[in-house]
Amino acid sequence: MPDDRSPITFTTGDRAFNLRAVAVIVHNGRALLHRAVVDDFWALPGGRVELGEAAADTLRREMREEIGEEVEVGRLLWLVENFFEYMGKRWHEIAFYFEVRLPPGCPLYEATEPFSGMEDFYPEGSGGIELIFQWHSVDGLESVYLLPSFLRTGLRSLPEQTQYIVHEDERIS
């Protein structure tokens, strides 16, 4: 990661804070999920907001970096305070979940097999970690280890208006 980038994340002892922007990409009844090869859970794509960067701009940057696509960021669906344990720390994450569209005619819409991407800042100081992207049926997400867990049912019917959610998840392995 270049030195001039300043993600809004910090740790204090065994606690950590993270500000994240999240892409909700749903197309033809399928949601685009990703996971780091080192993890056993799925999440929606996105990344850490950087100091001085708007959350929507974070998504545009992250999607360029991770999947090489220029995306259209739409409306804010959820503002989520998520509490979880991961990598030996108790996390407090604030995340902006935006409706996002890939470009018209994007070949990724037709992907039937998992495909790779790259996260350049995951976790702190580790360098690049390979990401696996895959489309999942929104009707089958209850059987997918998807975090935060409210998304397993929440992605079936996106809210008409922005919702504020306080969520606590199980321990992430």
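Nothing here was measured: the structure is a model prediction, and the numbers come from that model.

Definitions and limits used
- Residues numbered from 1 in each chain as written.
- Predicted model: local features only at pLDDT ≥ 70, side-chain atom pairs only at ≥ 80, totals over all residues.
- Heavy atoms only, no water.
- Helix = DSSP H or I, 4+ residues; strand = E, 2+ residues; numbered from the N terminus.
- Rg over C-alpha atoms; globule rule 2.2 N^0.38 Å.
- Buried < 20%, exposed > 50% of the residue type's maximum accessible area, 1.4 Å probe, protein only.
- Contact = heavy atoms within 4.5 Å.
- Areas by Shrake-Rupley, 256 points an atom, 1.4 Å probe, with all protein chains shown as cover.
- pLDDT = per-residue confidence, 0-100.
- Phe/Tyr/Trp six-rings, centres within 6.5 Å; stacked < 30°, edge-to-face > 60°.
- Lys NZ or Arg CZ within 6 Å of the ring centre and 35° of its normal.
- Salt bridge = Lys/Arg side-chain N within 4 Å of Asp/Glu carboxyl O.
- Core = buried A, V, L, I, M, F, W, Y, C linked by side-chain atoms within 4.5 Å.

Caption draft 1: Region of interest: the overall build of the protein. Looking only at helices and strands, the protein has two helices and 10 strands in total. Tracing the protein from N to C terminus, the helices and strands come up as β-β-β-β-β-α-β-β-β-β-α-β. Whereas a compact globule of 173 residues would reach a radius of gyration of roughly 16 Å, the protein reaches 15 Å, a difference of no more than 12%. Sorting the 173 residues of the protein into buried and exposed places 51% on the buried side. Taking the contacts inside the protein whose residues are at least 6 apart along the sequence as the reference set, 64% of them involve residues at least 24 apart. Per element, the accessible surface of the protein, about 8500 Å² overall, is 50% carbon and sulfur.

Caption draft 2: Quick look at the confidence of the model for the protein. In this model, the protein carries a mean pLDDT of 91, and residues with pLDDT of at least 70 account for 91%. Overall, residues 121-126 carries pLDDT values under 50, and its contacts beyond four positions in sequence, including any with other chains, amount to 16 contacts.

Caption draft 3: Main features of the packing of aromatic side chains. Tallying each qualifying case throughout the model produces nine aromatic pairs. Seen from their ring centres, Trp78 and Tyr97 are 5.9 Å apart, and the 80° between their planes marks the pair as edge-to-face. Of this pair, Trp78 sits in strand 6 (residues 72-86) while Tyr97 is found in strand 7 (residues 89-101), placing the two residues 19 residues apart along the sequence. Accessibility expressed as a relative area gives 2% for Trp78, which makes it buried. In this structure Tyr97 comes out as buried when scored by relative accessible area, which is 1%. Aromatic rings pair up to connect Phe41, Tyr86 and Tyr145 into one cluster. Over the ring of Trp42 we find Arg35; its NZ or CZ atom is 5.4 Å from the centre of that ring.

Caption draft 4: Representation of the pattern of salt bridges in the model. Under the defined criterion, the tally for this structure stands at 10 salt bridges. Between Arg75 and Glu99 there is a salt bridge, with the nearest N and O atoms lying 3.1 Å from each other. Separated by 24 residues along the polypeptide, Arg75 in strand 6 and Glu99 in strand 7 bring together distant segments of the chain. Here Glu99 falls in the partly exposed class, since its relative accessible area comes to 21%. Note that Arg156 is salt-bridged to Glu142, the shortest N-O span being 2.0 Å.

Caption draft 5: Local environment of the environment of Arg101. Position of Arg101 among the secondary structure elements: in strand 7. Remark: the alpha-carbon pair of Arg101 and Ile25, spanning 76 residues in sequence, is separated by 6.0 Å. In contact with Arg101, not counting residues within four places along its chain, are Val71, Glu72, Gly74 and Tyr109.

Caption draft 6: The nonpolar core, seen in detail. Among the nonpolar cores identified, the biggest contains 27 residues, and Ile25, Val100, Leu102, Phe115 and Trp135 are the most heavily contacted of them. Contributions of two or more residues to this core are made by strand 2 (15-24), strand 4 (30-36), helix 1 (55-67), strand 7 and strand 9 (129-137). Residue contributions to this core peak at five residues, all from helix 1. Once residues within four sequence positions are removed from consideration, Ile25 is found in contact with Arg30, Ala31, Leu32, Met63, Val100, Leu102 and Trp135. Core analysis: the next-biggest nonpolar cluster, separate from the first, contains 20 residues, Ala31, Leu44, Leu77 and Leu151 among them.

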